[in-house]
Amino acid sequence: MKSVLYVTAAFPTLAAFIENEVKRIDQRGVKIRVLTLRPVGTQYQPEHAHLVTLTQSIGSPTILRNWVDLAAWTLRKPHVLIPEFLRILWASKASPYALAGHVGYLPAAARVASIAEREGFERIHGAWAHFPATVAYLASRLTGKRFSMAGHAGGDLYRMQEFLPQKARAADFMTCCVRGNAEMVQKLVPDARVHWLYHGTDLSRFGSIVRARAAEPTLLIVGRLAKTKGFDDLFKAMGVLKRRGVTPKLVVVGEGPERATLEGIAREGGVLDQIEWCGSLTHDQLAPRYAAAWVLVAPSVVLSNGRMDGIPNVVVEAMAAGLPVVGTRAAGLEEIVVPGRTGALANQRDPEDLADAIAPLVKDPAEVDRMSAIARTEVREARSEERRVGKECLR
């Protein structure tokens, strides 16, 4: 493949997993551009600053050029555009959310088609399985360009499945970052070409971190302070641990809408003085936090509307840096965290069980060090497999 046009939601972001993907493709000499349905991001990792020059926002319904392109495609290919759009509407009829998004992004799909045709892109890739993939699919149908897509988590695979089977069936390939999600799509669409493909991590950055475990037992969380992360359960578990006489330090890296709620839980549990709030950090700033922590905690949850994380990228980063992980049986974490080898698992939405999983590790530094070595090895093996499948998908 010599060229690809990415359609995504927000880009670039601090999350960095799609950014790393785009960066690797760009480094292989593949011509790539990124079209976003939201405004171009202003907060991202420093090493991704150059990706802004590859990025253009095309999702706003106020962009006149989108409507001009929609009119042009309606005149040029009404036999394609009208039936395809009606198929999408019919598939979305039971979901106001899907219907509104599919109608609202129709002009953007026309714009993507025009850019793909004018600039000679071979492939149009939907980087998320919901609206970005629909936009990419429709642009592909209009232009005859090859189409592929990716699925990640609850927001794009479970909250909205309207028109998902049609897109997955039409795609040259679809990647999912969680094995359970790949199996779900394959069961839903048996003839789809679905690959299970973990997000990669920069082993040269995180795999080279020298462990310098702090003398004080230290837990680490990294991520946006949002409901899907389940951090409220960890803060409650900190209170449970304190009542048992176990008082680890908790380092919080990230900002988000749940900050005030978490502070309130910590205050109520009497653990506010055990918590260090770091705000958002770059990868370089995060490295010493990975080096010093005893355990990364990833207490992900599945919300009532189906929203959830995929396997958080920070879990792979932390394991590459030699950190055991305590996670929940949600969001695919059970695929990567092996109890007794690379960490421990607890039931989601169960602070007592989470405390039970954390307590043995913060009491046993030798066990932490043993798991540290195993975690590094297992991430390297997973990364090697990702490179193999990634090359196949890029053909």
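Structure shown above.
Residues numbered from 1 in each chain as written. Predicted model: local features only at pLDDT ≥ 70, side-chain atom pairs only at ≥ 80, totals over all residues. Heavy atoms only, no water.

Enquirer: Would you mind going over the overall build of the chain in detail, with residue names and values included?
Expert: The secondary structure content of the chain amounts to 16 helices and 13 strands. If one aligns the C-alpha atoms of the chain with their principal axes, the spans along those axes are about 70 × 40 × 40 Å. Classification of the 395 residues of the chain by burial places 57% in the buried group. For the chain, contacts bridging at least 24 residues in sequence account for 72% of all contacts bridging at least 6. When the accessible surface of the chain is summed, it comes to about 16100 Å², and 54% of that surface belongs to carbon and sulfur atoms. Looking at charge distribution, the chain has the averaged site of its 51 positive side-chain charges lying 6 Å from that of its 41 negative ones. (Helix = DSSP H or I, 4+ residues; strand = E, 2+ residues; numbered from the N terminus. Buried < 20%, exposed > 50% of the residue type's maximum accessible area, 1.4 Å probe, protein only. Contact = heavy atoms within 4.5 Å. Areas by Shrake-Rupley, 256 points an atom, 1.4 Å probe, with all protein chains shown as cover. Lys, Arg positive; Asp, Glu negative; His and termini not counted. Charge placed at Lys NZ, Arg CZ, Asp CG, Glu CD.)

Enquirer: Tell me about a nonpolar patch on the surface, residues and numbers included.
Expert: On the surface, Leu64, Trp67 and Val68 cluster together into a nonpolar patch covering about 330 Å² of accessible area. Here tryptophan 67 lies in helix α2 (residues 64-76). (Patch = residues over 30% accessible without salt bridge, like charges linked within 9 Å, V, L, I, M, F, W, Y side chains within 5 Å. Salt bridge = Lys/Arg side-chain N within 4 Å of Asp/Glu carboxyl O.)

Enquirer: For the packing of aromatic side chains, give the residues involved together with the corresponding values.
Expert: Scanning all chains against the criterion turns up 7 aromatic pairs. A centroid spacing of 5.2 Å and a plane angle of 75 degrees characterise the contact between tyrosine 137 and phenylalanine 163, whose relative ring orientation is edge-to-face. Within this pair, whereas tyrosine 137 is found in helix α6 (residues 131-143), its partner phenylalanine 163 is found in the loop between α7 (154-158) and α8 (164-170), the two being separated by 26 residues in sequence. By the burial criterion, tyrosine 137 is buried, and phenylalanine 163 matches it. (Phe/Tyr/Trp six-rings, centres within 6.5 Å; stacked < 30°, edge-to-face > 60°.)

Enquirer: Which residues make up the environment of arginine 123, and what values go with them?
Expert: Summarising the element assignment, arginine 123 is placed in strand β4 (residues 123-126). We classify arginine 123 as buried; its relative accessible area is 2%. At 3.4 Å, the side chain of arginine 123 and the side chain of serine 148 are in polar contact. (Polar contact = N/O pair within 3.5 Å; in protein donor to acceptor, adjacent residues only side chain to side chain.)

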